[in-house]
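# Report on the structure
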Amino acid sequence: MALTSPRRSALADQVIAQLRNQITAGEWPVGSRIPTEPELVEQLGVARNTVREAVRALAHNGLLDIRQGSGTYVVATSELAGVMHRRFADADPRHVAELRSTLESSAARLAAMRRTDRDLRQLDTLMARREASWETGDTEAFVAADATLHLAVVAASHNDVLTELYADLNDLLRDYLRGDVGPRLRPEDYMDHGRLVEAIRAGDAETASSEAAGHALKCLRDRIRASRHGATA
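Scope of this entry: the structure provided in the associated data block.

About the cut-offs
Residues numbered from 1 in each chain as written. Predicted model: local features only at pLDDT ≥ 70, side-chain atom pairs only at ≥ 80, totals over all residues. Heavy atoms only, no water. Phe/Tyr/Trp six-rings, centres within 6.5 Å; stacked < 30°, edge-to-face > 60°. Buried < 20%, exposed > 50% of the residue type's maximum accessible area, 1.4 Å probe, protein only. Lys NZ or Arg CZ within 6 Å of the ring centre and 35° of its normal. Core = buried A, V, L, I, M, F, W, Y, C linked by side-chain atoms within 4.5 Å. Contact = heavy atoms within 4.5 Å.

## Focus on the packing of aromatic side chains
Considering all chains together, one arrives at 1 aromatic pair under this definition. A ring pair is formed by Trp-134 and Phe-142, whose centres lie 5.0 Å apart and whose planes are at 70 degrees; its orientation type is edge-to-face. Judged by relative accessible area, Trp-134 falls into the buried class, the value being 14%. Judged by relative accessible area, which is 4%, Phe-142 ranks as buried. The side chain of Arg-67 reaches across the aromatic face of Tyr-73, ending 4.1 Å from its centre.

So this is what it looks like as structure tokens:
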């Protein structure tokens, strides 16, 4: 007898869609732990097996990570982002920094030429949020605010393909930023992004491009310096 693929129930597909929507809408940010299985059963009003099937499906697709004894965590905001995260999680940090520098530099150049008043208002809002999160000392809040600001710069390029590509890499880049920032925010590590935003506002494509390129490469230099210091300590 020929094998046939088992059909997933319509109910399980509905639960998968609901959980995916929670993730893509930002209700459960990357790095956060989703509700426990019993909690999901109660919230969704479905059987435990249906919840378990949906969670496993999203884990298989790369959106969730099931950690025995700890819980289930969001690791990506889309299936493609999940693929990117798995594919490049162990990549050479130098190569990731160079990719980020290339993408953000090109996007900032385009943003300086194409930004709208709405883009500038958004950048100002996100800059203020980034600075406020730094003042709180909350590492995860700062990582989220910084990543959102960079994504807004790319979005201001008004290149949909570039924006989508960067968004799919954003979860991976957040992981690297967490590593760059470390467990606590130190004053000497603060990197001002004001010149980048002002260059975009002024329509100065060269300065915007240079500022954006330099941010990722400085993070790389700091990471290498810290690694060498750790090796000799």
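## Regarding the nonpolar core
The biggest cluster of nonpolar side chains holds 18 residues, and the ones touching the most others in it are Ala-108, Leu-123, Leu-149, Val-153, Leu-196, Ile-200 and Ala-208. Ala-208 has contacts with Ala-108, Ala-112, Leu-196, Ala-199 and Ile-200, leaving out every residue within four places of it along the chain. By size, the runner-up hydrophobic cluster in this structure holds 17 residues, among which are Val-15, Ala-57, Leu-58 and Leu-63.

Any link to function would need more than the numbers given here.
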